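# Fold and geometry: a report
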Amino acid sequence: MNTNKEQFSAYDAKPERPRLLAQDRHLHIIETLAQQGSVSVTCIAAELDVSDMTIRRDLLELESEGKLVRIHGGAVLPDHITPVAIDREEPSFDARLVKHCEAKARIAAMAADIACGYRTVALDVGTTTYLVAERLLERQRMKIFTNSVRIAHRMSSGAPDIYLAGGHMRGDEMAMGGPAAIAQFEQLWFDVAFIGVSGITADGIYDYSFEDVDLKRLYLNRSGYTVVLCDSSKFQRMSLVNIAPLEGVDMLITESSPPPAIALALEAARIKVVIAPPLSAGC
């Protein structure tokens, strides 16, 4: 009887939970920090079914990488978090084009290099995407889809095929939008999309105009790979509309490392961050 009982107990026992690798534990810690702002050694250890000592070692390693600050019993986000600023008015296109010129040029050069690996490319409205378009003028066998009249006009004498969304044009930005533009482009699937934003925080990406947001969301949802172009002046800034959470983005191209709060959120969302190098010949 004892033998049968022992056999039954062994058969009935729950299988051991597989041990997580260090990188998986680190990701879980970072995700929790991004969501809650702090973590407890005891709670994380219980969630991952590992010892408190293992989690303490993980926190020590993550702290050495600048991703958190250890406190008694756990860890918090780094103290030097830049407050979120709110932009209430959209500057003119020409004013934005000359602002942070060198940073935008670096980002545009990197984005253009990436775009060259694809056939169908969606370019959002914006100053940085406009600079990307200028760098793609000689690309043959490339199809460019955009809702920017400026981009379409700038590329009209270039090598790529240009497809401009129809609909209502928004004044100074020369951006096409509305139901007609959405209906036209939602029939398509793009290899890659480059999205312009007015700001980025741990809660997602932002834009000034609700009229442009529908096309931005369409590019995010109808592209095999999505790239946000954002110079460092837009970190920890938000404006009228939240376009999407960070999880909808594959890559961020910028010219300077994001601050800790955003860096943690980007890592938790598994977004590849590319720092564009300086250009050899300025803007």
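As a reminder, the structure under discussion sits directly above these lines.
Let me begin by describing the structure that accompanies this report. (Residues numbered from 1 in each chain as written. Predicted model: local features only at pLDDT ≥ 70, side-chain atom pairs only at ≥ 80, totals over all residues. Heavy atoms only, no water.)

### Focus on the overall build of the chain
- Check the secondary structure of the chain and you find eleven helices and 17 strands.
- Seen along its three principal axes, the alpha-carbon backbone of the chain occupies a region of about 85 × 45 × 35 Å.
- Put simply, the chain has 283 residues, and 47% of those count as buried.
- If you take every contact in the chain between residues at least 6 apart in sequence, the share linking residues at least 24 apart comes to 62%.
- Total accessible area computed for the chain in this model is approximately 14,500 Å², and 52% of it derives from carbon and sulfur atoms. (Helix = DSSP H or I, 4+ residues; strand = E, 2+ residues; numbered from the N terminus. Buried < 20%, exposed > 50% of the residue type's maximum accessible area, 1.4 Å probe, protein only. Contact = heavy atoms within 4.5 Å. Areas by Shrake-Rupley, 256 points an atom, 1.4 Å probe, with all protein chains shown as cover.)

### Things to note about the packing of helix H2 (residues 22–36) against helix H4 (residues 52–64)
- Here H2 crosses H4 at 75 degrees, and the two axes come no closer than 10 Å. By the angle between their axes, H2 is roughly perpendicular relative to H4. Across the interface between the two elements, Arg 25, His 26, Ile 29 and Ile 30 from H2 touch Thr 54, Asp 58, Leu 59, Glu 61 and Leu 62 from H4. (Axes fitted to C-alpha atoms, helices over the stretch in contact; angles between N-to-C directions. Parallel < 35°, antiparallel > 145°, perpendicular 65-115°, else oblique.)

### What to know about the pairing of strand S7 (residues 161–164)
- Taken together, the four bridges between strand S6 (residues 143–146) and S7 define a ladder with parallel strand orientation. Each residue of the ladder has a partner; that of Phe 145, found in S7, is Tyr 163. (Pairing = 2+ DSSP bridges.)

### Details of the pairing of S6
- Two strands pair when backbone bridges link them, and strand S5 (residues 120–123) and S6 are joined in this way by four bridges, in the parallel orientation. Note that in S6 the partner of Ala 122 across the bridge is Phe 145.
- With helix H8 (residues 149–154) bridging S6 and the parallel S7, this β-α-β connection has right-handed handedness. (Right-handed = clockwise from strand over helix to strand, strands pointing away.)

### Quick look at the sheet that holds strand S3 (residues 74–76)
- Spatially, S1-S3-S2 is the arrangement adopted by the three strands of the open sheet, whose pairing is antiparallel. The two strands at the open ends of the sheet, each matched to only one other strand, are strand S1 (38–40) and strand S2 (69–71). In this sheet, adjacent strand axes meet at a mean angle of 25 degrees when their direction is disregarded.
- In terms of strand pairing, S1 meets S3 through three bridges, oriented antiparallel.

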